[in-house]
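So the chains spell out like this:
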Amino acid sequence: ARGKKDLDMSCPDCFKGSLDSGTPTGEETKIAGLDAYVAKPKAGSEAGGEKKAVVLITDIFGWKLLNVRLVADEMANRLGHEVI
């Protein structure tokens, strides 16, 4: 069971929600017949070595939400790998 201490560790936006601003840089595509958003790292931020991808699991609002796309874009740039 969650107590008050668990709630204190969450950020205020977790409870009220917020919308980020920005323009997603990834693209919508199909992977194995399913619609998906793919964020690729900016030129120069790609990680060397093997090609890897991160699968981003979303909440009930799904991957079409602007915030999720912006998070995927940021992860791709920071990690240097595609985020799906």
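Everything discussed here concerns the structure shown above.
Before going into details, it helps to say that this report is about the structure given with it. All values derive from a computational prediction rather than experimental measurement.

Overview of unusual backbone geometry
Positive phi, close to 55 degrees, is recorded for alanine 32, a residue that is not glycine. Position of alanine 32 among the secondary structure elements: in the loop between strand 1 (27–31) and strand 2 (34–38).

Points about the nonpolar core
Counting residues in hydrophobic clusters, the biggest one holds five residues: Tyr37, Ala39, Ala72, Ala76 and Val83. When near neighbours in sequence (up to four residues on either side) are disregarded, alanine 39 contacts Gly26, Ala72, Asp73, Ala76, His81, Glu82 and Val83.

Points about helix 3 (residues 66–79)
Between the first and last C-alpha of helix 3 there are 20 Å, a value that for 14 residues agrees with the 20 Å anticipated at 1.5 Å per step. Here the buried face of helix 3 lies against strand 1, strand 2 and strand 4 (82–83). Where helix 3 terminates, the next one or two residues include glycine 80, which has phi positive at roughly 80 degrees.

A few points about the pattern of salt bridges
Counted by the stated rule, this structure contains four salt bridges. Arginine 69 is the salt-bridge partner of glutamate 28, the closest N and O atoms lying 2.8 Å from each other. With glutamate 28 in strand 1 and arginine 69 in helix 3, this pair connects stretches of sequence that are 41 residues apart. For glutamate 28, a relative accessible area of 48% corresponds to the partly exposed category. The class for arginine 69 is buried, based on a relative accessible area of 12%. Between arginine 78 and glutamate 74 there is a salt bridge, with its nearest N and O atoms 2.7 Å apart. Of this pair, arginine 78 and glutamate 74 both sit in helix 3, four residues apart, which is roughly one turn of the helix. Judged by relative accessible area, arginine 78 falls into the exposed class, the value being 69%. Accessibility expressed as a relative area gives 39% for glutamate 74, which makes it partly exposed.

Rules and cut-offs
Residues numbered from 1 in each chain as written. Predicted model: local features only at pLDDT ≥ 70, side-chain atom pairs only at ≥ 80, totals over all residues. Heavy atoms only, no water. Helix = DSSP H or I, 4+ residues; strand = E, 2+ residues; numbered from the N terminus. Core = buried A, V, L, I, M, F, W, Y, C linked by side-chain atoms within 4.5 Å. Buried < 20%, exposed > 50% of the residue type's maximum accessible area, 1.4 Å probe, protein only. Contact = heavy atoms within 4.5 Å. Expected span 1.5 Å × (residues − 1). Salt bridge = Lys/Arg side-chain N within 4 Å of Asp/Glu carboxyl O.

In short, the description is geometric, and any link to function would need to be established separately.
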